[in-house]
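# Summary of the model geometry
For reference, the chains in residue letters:
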Amino acid sequence: MKELFKNLKFTWRYTKDLKKELIKYIMCNIFHIIISIIVPIISAKIIIALTSDSFEQLIYMAIIIFIIENVRNVIHYLGRYYSQIIFRESFIKIQTDLGKNILKLENKIIDDNNSGVFIQRLTNDTSRLADIFNVLNNYISNIIMDIGIFGAVFILNKPSFIYLAIMMIILYIIEHIRTKKFNSWDKEYRKENEKVSGFVGEIVRGARDIKMLNSEESFINELHVKVKELNKKRYEMGSVDRKYSLFRGFTRDFTDLGLIVLLVYLILNHNLPVASALIIHNYSGRVPSIINYVGMLLDRVKDYNLSSSRIYAIMESDEFKKEQFGTKHLDHVEGDFEFKNVVFSYDEEKVLNKTSFKINANETVAFVGKSGAGKSTIFSLLCKMYDIEKGKITIDGIDIKELDRESIRGN
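Read on for a plain summary of the structure. (Residues numbered from 1 in each chain as written. Predicted model: local features only at pLDDT ≥ 70, side-chain atom pairs only at ≥ 80, totals over all residues. Heavy atoms only, no water.)

### Structural notes on the packing of aromatic side chains
Counted only if it meets this: Pairs were defined over the aromatic rings of Phe, Tyr and Trp, the Trp ring being its six-membered one, requiring ring centres within 6.5 Å. Orientation was assigned from the angle between planes: stacked under 30 degrees, edge-to-face over 60, tilted for the rest. Put simply, DSSP H or I for four residues or longer makes a helix, DSSP E for two residues or longer makes a strand, and each gets a number counted from the N terminus. The cut-offs for exposure are 20% and 50% of the maximum accessible area for each residue type, with area from a 1.4 Å probe on protein chains only; residues under the lower value are buried, those over the upper are exposed, and the others partly exposed.
Applying the stated criterion across every chain, the model contains seven aromatic pairs. Consider the rings of Tyr-139 and Tyr-293, whose centres lie 6.2 Å apart with planes at 65°: the pair is edge-to-face. Of this pair, Tyr-139 sits in helix α5 (residues 115-156) while Tyr-293 sits in helix α10 (residues 286-315), and the two are 154 residues apart along the sequence. Among the residues examined, Tyr-139 registers a relative accessible area of 11% and is labelled buried. For Tyr-293, a relative accessible area of 21% gives the class partly exposed. With 5.1 Å between their ring centres and 80° between their planes, Phe-154 and Phe-161 make a pair best called edge-to-face. The class of Phe-161 is partly exposed, set by a relative accessible area of 24%.

### Brief notes about unusual backbone geometry
The general pattern is negative phi for most residues beyond glycine and trans for most peptide bonds. In this model, His-270 sits at a positive phi of 60°, which is unusual for a non-glycine residue. Positionally, His-270 belongs in the loop between α8 (216-268) and α9 (274-283). The exposed category is assigned to His-270, whose relative accessible area is 74%.

### Comments concerning the environment of Ile-75
As a reminder of what qualifies: Only heavy atoms enter the contact rule, under which two residues are in contact if any of them lie within 4.5 Å.
Among the structural elements, Ile-75 can be located in helix α3 (residues 55-103). You can call Ile-75 buried: its relative accessible area is 12%. Residues Ile-75 and Cys-28 lie 47 residues apart in sequence; the distance between their C-alpha atoms is 5.7 Å. If we skip the residues at most four places from it in the chain, Ile-75 touches Cys-28, Phe-31, His-32 and Ile-35.

### Structural notes on the nonpolar core
The criterion, for reference: Joining through side-chain atoms within 4.5 Å is the link that ties buried Ala, Val, Leu, Ile, Met, Phe, Trp, Tyr and Cys residues into a set, and such a set is a nonpolar core.
Counting residues in hydrophobic clusters, the biggest one holds 63 residues, and the most contacted among them are Leu-164 and Ile-280. Elements with a minimum of two residues in this core: α1 (2-15), α2 (19-51), α3, α5, α6 (158-205), α8, α9 and α10. A total of 15 residues in this core trace back to one element, the largest contributor, which is α5. Once residues lying within four places of it in the same chain are set aside, the contact partners of Ile-280 are Val-153, Leu-156, Asn-157, Ser-160, Leu-164, Leu-259, Leu-263 and Leu-272. Membership of the second largest hydrophobic core comes to eleven residues, among which are Tyr-346, Val-351, Phe-357 and Ile-378.

Everything listed here is a matter of coordinates, which is why it stays silent on function.
Spelled out as structure tokens, the structure:
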């Protein structure tokens, strides 16, 4: 729960400008909850009126429910409208900010992580963050709505209410265990999914080179291995889900049988009318619905926490280090650039060793080399030494050691 509140605080920075829409959305859900609690109680009275031949009261109750249900339809429409606005605007802000932060990452960080890492964060993870307030409102509202049936059962018969409450607790414990085991496999699945996404991205970007080198078969074989491992993780997730769903189904059937036995006992002892027993039995089907909503809410919260930690790592943590950029920007450069026997070191690490080249005015060149070869250092030195007044730069046979890495990047 502590982790959830921390992540909600992080997400709030992108949603706080939508306070009005969020408040309206919450109000729609509150009215929806109130209506959903009232309707089962009125519906119970309709069944009682139907079985007792109170037709005038039956028509009266039916008209009330008709009006209430139409109000609910309007509220549901408005709720979805505000929900879409909240998601759309938050999604745009989160994706844009994450994109900016990815572009600030050090080249080494980008090289050390496959593209799938950043693709998943920009698409799936940002979507989960943008939707979290809608998710919480929606699932919590549905849980409270279904709990409304307990109000009707409590009014009709206290022992039946206690039995349904125990039934719900048992099913929740099973669902909680299932969710915990499922989440453990889900973490492994996500790691494999990132690997596959990154590998597919590399294949698409290098498709021309792959075909030119006639190496399609080796890449397809590697893809087959990765996809096979990914689907193995997916199968394990599904296996956990199937086993616990089966166990939950057996438990539900057993508790349903127990409820019928209880209702028969109460009827025979004149503690419960047959009409009320019928209502309770019909409403008992809503208990698994509550557990399903609780399970889905736990799954979504888990996904949200994981996505938040992944995005937070890029934006705020030291795990993904950022480049240090300067404040100066040259819109137009005139004159020649020339290096003559330049030597440059970061502490004891020599990056440039007697480097010489000349770039004439209006000439375009490209620096090509692996990471750490000195490309960024050359451009940093050019920016550091550029003489705006003279419109040119010449670095002649000097051994530059007094500039550290931070000062080169920051100016």
